[in-house]
Amino acid sequence: MSDNYISTQPPTEIDITIAHEARVYDYWLGGKDNYPADRALGDAIAEHIPTIKTMARANRAFLTRAVRYLVGEAGITQFLDIGTGIPTAGNTHEVAQHLDPAARIVYVDKDPIVLAHARALMTSTPQGRTRFIHADVHDPRSILDHPALAETLDLTEPVAIMLVAIMMYFRDSDHPQNIIGTLLDAVPSGSHLVITHPTADFDADAMAAVTAAAEASGIAFHPRSHADTATLFAGTTLVDPGLVPVATWRPGLTDRPTPVINADSAWYWAGIGHKP
């Protein structure tokens with residue numbers, strides 16, 4: 001499977017003239033670490049999906065609920081958060097360590113601007129630990145073989161692999177199932193896989209326009225159907241309530257106000273798989 005991977009070191013220089021997915025997402029979340037090219041693409045997408053900012057917030061709210069489930073109900077204390085994005089309120093380690101101060105988290109992202117902000121992801125509790133790896137999940141071995149991973153996580157104990165709003169940047173030709181399979185092979189029984197994924201199932205025309213806008217800006221964007229998203233969970237068993245619209249995945253698992261949005265208005269599928 002490794003023959004299908006791209007083995008390149010992510011760039012460390014920030015090019016503000018080209019839109020980048022992490023910065024566009026930061027813009028939708030109301031962040032400040034974005035540039036005109038990012039805002040232009042964000043606005044272009046919003047022309048086709050006026051509720052895109054609400055969708056981004058709904059996706060972020062899911063991350064909080066997922067981590068609360070994993071720590072509070074599944075007993076997970078180790079997280080591999082890939083496609084971290086620019087730090088904002090409610091990062092994985094903040095949610096996890098609030099529930100279990102000994103939780104350990106490794107963040108991974110290829111974007112140099114995330115690397116520049118990585119120190120904000122290192123504010124661990126004394127009992128726990130956080131690390132950041134600057135790597136591209138197109139080459140999962142670059143993550144799994146990185147010394148920071150073994151120094152932070154015990155891969156003989158269950159790990160939650162977080163792939164929140166990232167797999168849409170992988171075309172089928174990138175072999176996303178192989179990438180995820182390699183990650184799952186590295187963690188033991190009892191581990192979990194978390195995925196959210198945008199879809200054209202709710203509005204095919206609007207999502208086609210979003211795809212065109214992203215591709216025109218040089219960003220690969222591949223929405224997937226419910227069935228195709230489900231294939232990404234191969235090797236795991238979906239936990240209740242299964243693969244569902246992101247706003248409907250265990251909405252009660254929160255202690256803070258969340259966006260009010262109809263189930264079919266946030267065009268992401270969301271699910272958590274358990275590795276037997």
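Our subject is the structure that appears above.
The written sequence of each chain sets the order in which its residues are numbered from 1. Per-residue local features are limited, in this predicted model, to residues with pLDDT of at least 70; the limit for side-chain atom pairs, both in listing and counting, is 80 or more; totals at the level of whole chains, interfaces and linings are taken over all residues. Heavy atoms throughout the structure, all of them, feed into the side-chain values; hydrogens and water do not.

Enquirer: Where do I start with the overall build of the protein in this structure?
Expert: Per the secondary structure count, the protein includes 10 helices and 8 strands. Radius of gyration: C-alpha atoms only; globule rule: 2.2 Å multiplied by the number of residues to the exponent 0.38. The C-alpha atoms of the protein give 17 Å as radius of gyration, which agrees with the globular expectation for 276 residues (19 Å, within 12%). Evaluated residue by residue, the protein yields a buried proportion of 53% over its 276 residues. In the protein, once contacts between residues fewer than 6 apart in sequence are set aside, the share between residues at least 24 apart is 77%. Computed by Shrake-Rupley with a 1.4 Å probe, the accessible areas treat only the displayed protein chains as cover when residues are assessed. Counting every atom, the protein has about 11,600 Å² of accessible surface; 52% of that belongs to carbon and sulfur. Both charge centroids of the protein, one from 19 positive and one from 32 negative side chains, sit 7 Å from each other. Going along the chain from the N terminus, every DSSP run of H or I of four or more residues is numbered as a helix, and every run of E of two or more is numbered as a strand. Per-residue accessibility, obtained with a 1.4 Å probe over protein chains only, is compared with the maximum for each type, and a residue is labelled buried under 20%, exposed over 50%, and partly exposed between these values. Here, two residues are considered to be in contact whenever any of their heavy atoms come within 4.5 Å of each other. Charge counting follows a simple rule: Lys and Arg are positive, Asp and Glu are negative, and His as well as the terminal groups are ignored. A single reference atom marks each charge: NZ on Lys, CZ on Arg, CG on Asp, CD on Glu.

Enquirer: What am I meant to see in the pattern of salt bridges here?
Expert: For this document, the term salt bridge refers to a Lys or Arg side-chain nitrogen within 4 Å of an Asp or Glu carboxyl oxygen. If you walk through the whole model with that rule in mind, you get 6 salt bridges. In this structure, aspartate 145 and arginine 141 form a salt bridge, with 2.6 Å as the shortest nitrogen-oxygen distance. Between aspartate 172 and arginine 224 there is a salt bridge, and its shortest N-O distance comes to 3.1 Å. Taken together, the positions of aspartate 172 in the loop between strand S4 (160–164) and helix H8 (176–185) and arginine 224 in the loop between helix H9 (204–216) and helix H10 (226–231) put the pair 52 residues apart, joining distant regions of the chain.

Enquirer: Just checking my understanding: could you explain empty space enclosed by the protein for this structure?
Expert: A probe matching the size of a water molecule, rolled over the atoms, marks out where space remains unfilled. Put simply, the grid is 1 Å and covers the protein atoms alone, a cavity is a trapped set of points that fit a 1.4 Å probe, a pocket is an open set with protein on both sides within 12 Å along at least five of seven lines, and lining residues have an atom within 4 Å of a point. Grid points are joined across faces, edges and corners, and a volume is the space filled by probe spheres set on the points. Scanning the entire structure with this criterion turns up 2 cavities of 30 Å³ or more. The volume enclosed by the largest cavity comes to roughly 210 Å³. Lining the largest cavity we find 19 residues, and of these Trp28, Ile45, Tyr169, Val210 and Phe221 sit closest to its centre. Where the lining of the largest cavity is concerned, the elements lending two or more residues are helix H1 (21–28), helix H2 (36–48), helix H3 (52–72) and H9. When residues of the lining of the largest cavity are assigned to their parent elements, the largest contribution, 4 residues, is made by H1. Three residue categories are used. Nonpolar comprises Ala, Val, Leu, Ile, Met, Phe, Trp, Tyr, Cys and Pro, charged comprises Asp, Glu, Lys and Arg, and polar comprises the others, including Gly. Taken together, the residues of the lining of the largest cavity sort by class into 18 nonpolar, no polar and 1 charged. In this structure, the second largest cavity encloses a volume near 50 Å³. Lining of the second largest cavity is provided by Ala22, Tyr25, Asp26, Leu29, Arg60, Thr84, Gly85, Ile86 and Thr88. Ranked by residues supplied to the lining of the second largest cavity, first place goes to H1 with 3 residues. Looking at the lining of the second largest cavity, its residues break down into 4 nonpolar, 3 polar and 2 charged.

Enquirer: Would you mind going over the nonpolar core with me for this structure?
Expert: Across soluble globular proteins, nonpolar side chains have a tendency to be buried as a group. Each nonpolar core is a collection of buried residues, namely Ala, Val, Leu, Ile, Met, Phe, Trp, Tyr and Cys, held together in the definition by side-chain atoms within 4.5 Å. By size, the foremost hydrophobic cluster in this structure holds 86 residues, and its most contacted members are Leu70, Phe79, Leu80, Ile82, Met162, Leu163 and Ile272. Per element, the largest residue contribution to this core is 11 residues, and it comes from H3. Among residues more than four places away in sequence, those in contact with phenylalanine 79 are Val67, Leu70, Val71, Thr92, Ala96, Arg104, Ile105, Val106, Leu153, Val159, Ala160 and Met162.

Enquirer: Explain the environment of aspartate 205 here, please?
Expert: Structurally, aspartate 205 is set in helix H9. By relative accessible area, aspartate 205 is classed as exposed at 67%. Aspartate 205 sits 68 residues away from valine 137 along the chain, and the two C-alpha atoms are 30 Å apart.

Enquirer: Can you help me understand the side chain of aspartate 81 in this one?
Expert: Secondary-structure assignment places aspartate 81 in strand S1 (residues 78–82). Buried and unpaired, aspartate 81 has no salt bridge, with arginine 60 as the nearest side chain of opposite charge at 6.6 Å. Excluding its chain neighbours within four sequence positions, the residues that come into contact with aspartate 81 are Leu63, Thr92, Val106, Tyr107, Val108 and Met162.

Enquirer: Is there a simple way to explain the packing of aromatic side chains in this structure?
Expert: Any aromatic ring pair is given by two values, namely how distant the centres are and how the planes are angled relative to each other. Pairing of aromatic rings covers Phe, Tyr and Trp, the last through its six-membered ring, and needs centres within 6.5 Å; plane angles under 30 degrees mean stacked, over 60 mean edge-to-face, and all others mean tilted. Counted according to the given criterion, the structure contains 4 aromatic pairs. Look at tyrosine 69 and tryptophan 249: their rings are 5.7 Å apart centre to centre, the planes differ by 80 degrees, and that puts the pair in the edge-to-face class. Within this pair, whereas tyrosine 69 is found in helix H3, its partner tryptophan 249 is found in the loop between strand S7 (244–245) and strand S8 (268–274), the two being separated by 180 residues in sequence. Comparing tyrosine 69 with tryptophan 249 shows no difference in burial state: the two are buried. Here the aromatic residues Phe62, Tyr69 and Trp249 are joined through ring pairs into a cluster of three or more.

Enquirer: Would you mind showing me how to read the pairing of strand S5 (residues 192–198) here?
Expert: Residues in a regular strand project their side chains so that they alternate between the two faces of the sheet. By the criterion of burial, S5 is predominantly enclosed, with 7 of the 7 residues buried. Alternating residues of S5 divide into His192, Val194, Thr196 and Pro198 and Leu193, Ile195 and His197, and every residue in both groups is buried. One bridge is not enough; two strands pair if DSSP finds at least two bridges between them. Two strands pair when backbone bridges link them, and S4 and S5 are joined in this way by 5 bridges, in the parallel orientation. Within S5, the position partnered with isoleucine 161 by the bridge is leucine 193. Looking down the strands as they point away from the viewer, one classifies a crossover as right-handed if the path from the first strand across the helix to the second runs clockwise. The parallel pair S4 and S5 is bridged by H8, and the resulting crossover is right-handed. When S5 meets S8, the two strands line up antiparallel, connected through 7 bridges.

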